[in-house]
Amino acid sequence: MKKKSFVGIGSFLIGITTIVIISCSKSGNPINSKNEVTPNPIVYYSSKFLNDDSYVKFATTTISNNLKIGRILKNESLARLTSIDSNAVYNAAAENVTAEFMLEETHPSFASLTQSEKYQILNNIKDSLKSVSYRQQHPTNPLIVYELATIPQLHEIDSIAVARFAFSNISSGEFWGCATATIGSGLAAYGDILGEVRALFSAGGSVLGWGDVFSIAWRVVKNASAWWKVAGLALEFGGCLWSAGLS
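Draft legend 1. Representation of the overall build of the protein chain. Within the protein chain, the secondary structure is distributed over 13 helices and zero strands. Secondary structure elements of the protein chain, listed N to C terminal, follow the sequence α-α-α-α-α-α-α-α-α-α-α-α-α. Taking all 247 residues of the protein chain together, the buried fraction comes to 39%. Looking at the protein chain alone, contacts between residues at least 24 apart form 77% of all its contacts between residues at least 6 apart. By element, 58% of the accessible surface of the protein chain is carried by carbon and sulfur atoms, the whole surface being about 13,500 Å².

This is the structure in structure tokens:
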């Protein structure tokens, strides 16, 4: 009798579990192999990237390199631009491509999103970073720490973006507004280049690290664009900060 009772209870529990799984599937909440609900990618990455190492590396690399390119251009007169050290520009651009490549390798589901979905995630991150309440609750957020360290340096490095006005004129909201625009432009502009880099790696074997990606990215960037086209993103970023500083 006890064995029959146990069999009966087990059958009942299996039946209930089956009903629950079917109900969840019909309700529109997909079940993955770990029986977890798949997150909305926009909501997930808008939160995840605020502290994700690969995104922080991508964002700060892009911002720093665009400022670096701006400084290179500012230090050259128009008459000398034809003889500019284009390798320095290509190095900065290749680092941006490498950081984006590593981000998308780390988060392939982000790489598969549309450009509009990626822009929405970037804007959500921007809104968090300029939110007073978020900043008060997360003073050690790596992106906020980077911003607070970078804004005072804008005048010191005398970049094309910040000539002739105090860095204190640039608010956190303005900084991240300009940064989000240049990061988004980079995601769009380097799409074809990233595709070529991926193709070369798939043909040559597995990715070994940053240096391996950079060496290929540098060659692809140089072959794909004239240096002044590569510098265009930096000029847009510089112009955005310059306008913010004057307001």
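Draft legend 2. Seen up close, the pattern of salt bridges. Scanning the model with the defined rule gives four salt bridges in all. Among the ionic pairs, Lys-48 bridges to Asp-52, the shortest N-O distance being 3.8 Å. Asp-52 sits in the buried class, given a relative accessible area of 9%. The shortest N-O distance in the salt bridge between Glu-104 and Lys-118 comes to 3.3 Å. Placement of Glu-104 in helix H4 (residues 86–106) and of Lys-118 in helix H6 (residues 115–129) is noted, with a sequence separation of 14 residues between them.

Draft legend 3. Local environment of the packing of aromatic side chains. Under the definition given, this model contains eight aromatic pairs. Where Phe-49 meets Tyr-55, the ring centres are 4.8 Å apart and the plane angle is 5°; that geometry is what we call stacked. What links up through ring pairs into an aromatic cluster is the set Tyr-44, Tyr-45, Phe-49, Tyr-55, Phe-58 and Phe-110. Of note, Lys-57 hangs over the ring of Trp-210, and the distance from its end group to the ring centre comes to 4.8 Å. Note that Lys-118 overlies the ring of Phe-110, its terminal NZ or CZ placed 5.4 Å from the centroid.

Draft legend 4. Inspection of the packing of helix H2 (residues 41–48) against H6 at higher detail. Orientation of H2 relative to H6, taken along the N-to-C sense of each, is 40°, at an axis distance of 9 Å. Looking at the two axes, H2 sits oblique to H6. Relative to H6, H2 is oriented so that their crossing is right-handed. On H6, the residues touching Pro-41, Ile-42, Tyr-45 and Ser-46 of H2 are Glu-117, Gln-120, Ile-121, Asn-124 and Ile-125.

Draft legend 5. Structural detail: the side chain of Arg-135. Tracing the backbone through its elements, the reader meets Arg-135 in helix H7 (residues 132–137). On the accessibility criterion, Arg-135 (18% relative accessible area) is buried. In this structure Arg-135 touches Leu-129, Lys-130, Ile-144, Glu-147, Leu-148, Ser-172 and Trp-176, once residues within four positions along its chain are discounted.

Draft legend 6. A look at the nonpolar core. Judged by nonpolar contacts, the single largest core of 33 residues is most densely connected at Tyr-55 and Ile-63. Only H2, helix H3 (53–74), H4, H6, helix H8 (142–156), helix H9 (172–189) and helix H13 (232–246) provide two or more residues apiece to this core. Apart from the residues within four sequence positions on either side, Ile-63 is in contact with Tyr-146, Phe-175, Trp-176, Ala-179, Ile-183 and Phe-237. Judged by nonpolar contacts, the second largest core, of 23 residues, contains Ala-92, Val-97, Tyr-190 and Ala-234.

Draft legend 7. Seen up close, the state of the cysteines. Evaluation of the coordinates by the stated rule reveals one disulfide. The side chain of Cys-178 participates in a disulfide bridge whose partner is Cys-240; the two sulfur atoms lie 2.0 Å from each other. A torsion of -85° about the S-S bond marks the disulfide between Cys-178 and Cys-240 as left-handed. Pair noted here: Cys-178 is in helix H9 and Cys-240 is in helix H13, with a separation of 62 residues, a long-range link. Take Cys-178: its relative accessible area is 3%, and that puts it in the buried class. Classification of Cys-240 by relative accessible area gives partly exposed; the value is 28%.

Draft legend 8. Geometry of the packing of H4 against helix H11 (residues 210–224). Where H4 meets H11, the axes come as close as 8 Å, and the angle between the chain directions of the two elements is 125°. On the basis of the axis angle, H4 is oblique to H11. For the element pair H4 and H11, the recorded crossing hand is right-handed. Of H11, the residues touching H4 (which contributes Asn-87, Tyr-90, Asn-91, Ala-93, Ala-94, Glu-95, Val-97, Thr-98, Ala-99, Phe-101 and Met-102) are Trp-210, Val-213, Phe-214, Ala-217, Trp-218, Val-221 and Lys-222.

Conventions we followed
Residues numbered from 1 in each chain as written. Predicted model: local features only at pLDDT ≥ 70, side-chain atom pairs only at ≥ 80, totals over all residues. Heavy atoms only, no water. Helix = DSSP H or I, 4+ residues; strand = E, 2+ residues; numbered from the N terminus. Buried < 20%, exposed > 50% of the residue type's maximum accessible area, 1.4 Å probe, protein only. Contact = heavy atoms within 4.5 Å. Areas by Shrake-Rupley, 256 points an atom, 1.4 Å probe, with all protein chains shown as cover. Salt bridge = Lys/Arg side-chain N within 4 Å of Asp/Glu carboxyl O. Phe/Tyr/Trp six-rings, centres within 6.5 Å; stacked < 30°, edge-to-face > 60°. Lys NZ or Arg CZ within 6 Å of the ring centre and 35° of its normal. Axes fitted to C-alpha atoms, helices over the stretch in contact; angles between N-to-C directions. Parallel < 35°, antiparallel > 145°, perpendicular 65-115°, else oblique. Left-handed = near helix turned anticlockwise from the far one by under 90°. Core = buried A, V, L, I, M, F, W, Y, C linked by side-chain atoms within 4.5 Å. Disulfide = S-S within 2.5 Å.

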